[in-house]
Amino acid sequence: MSAPALRSEPQAEPLRTQLADGRELLYFFDAGSQTGVSAAAASPDTRHLPPRPDTPRMRYDPLLGEWVSYAEHRQTRTHLPPASECPLCPSGSERATEIPAHGYDVAVFENRFPAFGPGTASAGPGAGPDAPAAGRCEVVAFAPEHNASFAGLSLERVRTVIRAWTHRTAELSRIPGVGQVFIFENRGAEIGVTLHHPHGQIYAYPYATPRTLRQLESAQAYHSETGGNLFADVLGRELREGTRLVARGRWWTAYVPYAARMPLEVHVVPHRSVPDLASLTDAEREELSGLYLDVLRRIDALYPTPTPYIAAWYQAPVEHPGRDSYRMHLQVTSPRRAENKLKYLAGSEAAMGAFIADVSPEETAARLRGALPAFGAGAGGGAA
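Just so you know, these numbers come straight off a predicted model, no measurement behind them.

Analysis parameters
- Residues numbered from 1 in each chain as written.
- Predicted model: local features only at pLDDT ≥ 70, side-chain atom pairs only at ≥ 80, totals over all residues.
- Heavy atoms only, no water.
- Helix = DSSP H or I, 4+ residues; strand = E, 2+ residues; numbered from the N terminus.
- Buried < 20%, exposed > 50% of the residue type's maximum accessible area, 1.4 Å probe, protein only.
- Contact = heavy atoms within 4.5 Å.
- Areas by Shrake-Rupley, 256 points an atom, 1.4 Å probe, with all protein chains shown as cover.
- Lys, Arg positive; Asp, Glu negative; His and termini not counted.
- Charge placed at Lys NZ, Arg CZ, Asp CG, Glu CD.
- Phe/Tyr/Trp six-rings, centres within 6.5 Å; stacked < 30°, edge-to-face > 60°.
- Pairing = 2+ DSSP bridges.
- Axes fitted to C-alpha atoms, helices over the stretch in contact; angles between N-to-C directions.
- Expected span 1.5 Å × (residues − 1).
- Parallel < 35°, antiparallel > 145°, perpendicular 65-115°, else oblique.
- Nonpolar A, V, L, I, M, F, W, Y, C, P; charged D, E, K, R; others polar.
- Arc of directions from axis to C-beta.
- Core = buried A, V, L, I, M, F, W, Y, C linked by side-chain atoms within 4.5 Å.
- Polar contact = N/O pair within 3.5 Å; in protein donor to acceptor, adjacent residues only side chain to side chain.
- Salt bridge = Lys/Arg side-chain N within 4 Å of Asp/Glu carboxyl O.

Digging into the overall build of the protein
Counting its regular elements, the protein contains 7 helices and 16 strands. For the protein, the residues scored as buried account for 51% of the 384 residues in total. In the protein, of all internal contacts separated by at least 6 residues, the share reaching a separation of at least 24 is 69%. Summing over all exposed atoms, the protein offers an accessible surface of approximately 17,800 Å²; the carbon and sulfur share of this is 52%. Of the charged side chains in the protein, 38 are positive and 42 negative, and the gap between their average positions amounts to 2 Å.

And the structure:
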């Protein structure tokens, strides 16, 4: 499918500032925002913070061919504070937080307790079994309201979040030594969330992650055997069969995968092959804003209480021979298998990586389709 046309107007740059310990903070504003840009710029971080921790170390597991980071300073990170002590709420006259401004739309800042970085170094060929866990970890606060959720955001705010993700993907990918940029949101204490304020994170790894490399290996093997494109053919199958589709637009399709592992699992895939968010056109980002919001609202509509989930953006490694053949996509997964039941990884899943599912993908897709009216009815669709 041909790419949609780009708009000519430039994207607004974020407002950059620094926190008291030197970490970078960026503010992104909604179109027509009433949040004061000048007020945010004039809001310094007045806290007295300890020096930033040293870059963690990581070790290489030769049996699995994977790196493991040891960030011991994270043992002291903030854990489920009350709303009155939330570090992601705007600062006020009586309390200073990680976000100095008294109001904001979307804020992105370097994590005070990073799993990777600060500092940059490659973990590529030639790296020893022990190396610096270099890179960068950032927090993305989606809204100033403590009790908000991503599914409850306005469409304009989702556009701003995606613009922030796109900006950070492009900028972090240019840092020397960064191997892959991973954007994700953990929602719910059942997932292990330690802050309830609506937020996500960004990891700039010093290597390409194992799951992404496995996908690339599968795609390369498929191409060698069939001459086809695995990512395109998987999407093509879902579009032909239709039984697992959740929502479809002109540029994107959301579906429950044929071999879903989790009780709730939705993949959001672009119809055009693009390696990362920074490679999308404005038209693709615009449709993604509404379709992603639609998917999360469908998930929340299944039960009377909020559903825990992990939303993970799979983007191509920064430098890899198969980068241009990789198709960036989103995977949203939840362990919730019934209103009052969670799927826990038992021996087969946790030890062997061999999953046993309780719910069929077709049943999950049908429930999600029925949770809300159809997305973009009458808008038409695109081809794989």
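Concerning the packing of aromatic side chains
Think of a pair of aromatic rings as described by two things: how far the centres are apart, and how the planes are tilted against each other in angle. Scanning the model with the defined rule gives 18 aromatic pairs in all. Considering the side-chain rings of Y203 and Y205, the 5.8 Å spacing of their centres and the 85° angle between planes classify their relative orientation as edge-to-face. Residue classification places Y203 among the buried positions, given a relative accessible area of 12%. Exposure remark for Y205: the relative accessible area of 11% places this residue in the buried category. Put simply, the rings of F116, F182, F184, Y203, Y205 and Y207 touch in pairs and so form one group of aromatic residues.

Comments concerning the sheet that holds strand β10 (residues 245-248)
Read across the open sheet, the 11 strands follow the order β1-β2-β5-β7-β9-β8-β13-β14-β12-β11-β10; overall the sheet is antiparallel. For this open sheet the edge positions go to β1 (15-18) and β10, each flanked by a neighbour on one side alone. Averaged over all neighbouring strand pairs, the angle between strand axes comes to 20°, with direction disregarded. Relative to strand β11 (residues 252-255), β10 is paired through 3 bridges, and the arrangement is antiparallel. In the strand pairing of β11, A247 is matched with A254. Where helix α4 (residues 230-241) meets the sheet, it contacts β10, β11 and β12 (264-270), and its direction lies at approximately 75° from that of β11. Along the sheet face, helix α5 (residues 282-301) touches β8 (180-187), β10, β11, β12, β13 (309-314) and β14 (329-334) and points at about 15° away from the line of β11.

With respect to α5
Taking 1.5 Å per residue, 20 residues should reach 28 Å; α5 reaches 29 Å between its end C-alpha atoms and fits that length. Burial analysis of α5 places 15 of its 20 residues in the buried class, which makes it a mostly covered element.

So, the packing of helix α3 (residues 210-226) against α4
Contact pair α3 / α4: the axes reach a minimum separation of 9 Å and the direction vectors enclose 90°. In this view, α3 runs roughly perpendicular relative to α4, as classed from their interaxial angle. Contact residues: α3 offers S218, A219 and Y222, while α4 offers L230, F231 and D233. Here the contact of α3 with α4 is built from residues that sort into 4 nonpolar, 1 polar and 1 charged.

Notes on the sheet that holds strand β6 (residues 130-132)
Taken together, the 3 strands give an open sheet; going across it, the order is β4-β3-β6, and neighbouring strands pair in antiparallel fashion. The outermost strands of the open sheet, each flanked by one partner alone, are β4 (66-70) and β6. Strand-to-strand twist across the sheet, computed as the mean angle between neighbouring axes with direction ignored, equals 35°.

A word on α4
Helix length check: α4, at 12 residues, gives a terminal C-alpha distance of 17 Å against a target of 16 Å (1.5 Å per residue), a fit within 8%. Within the span of α4, buried status applies to F231, A232, L235, G236, E238 and L239. Along the axis of α4, the buried residues cluster in a sector spanning 165°; they form a single face. Buried residues along α4 sit against α3, β10, β11 and β12.

Thoughts on the nonpolar core
Grouped together as the largest cluster of nonpolar side chains are 53 residues, with contacts concentrated most on F150, W165, V268, L288 and Y292. Sort the elements by how many residues they give to this core and α5 lands first, with 7 residues. Not counting residues within four places of it along the chain, the set of residues in contact with V268 comprises W252, T253, A254, L288, L291, V295, H329 and L330. Core analysis: the second largest hydrophobic core is formed by 19 residues, F182, Y205, A312 and Y314 among them.

Description of the side chain of Q215
Position of Q215 relative to the elements: it lies in helix α3. A distance of 2.4 Å separates a polar atom in the side chain of Q215 from a polar atom in the side chain of Y326. For Q215, the contacting residues outside a window of four places in its chain are Y314, Y326, H329 and Q331.

Examining the pattern of salt bridges
Applying the stated criterion to the full structure yields 27 salt bridges. In this structure, the salt-bridge partner of D282 is R285, at a minimum N-O distance of 3.1 Å. Note that D282 and R285 are positioned in helix α5 at a spacing of 3 residues, about one turn of the helix. Of the two residues, D282 and R285, neither departs from the other in class, the shared state being buried.

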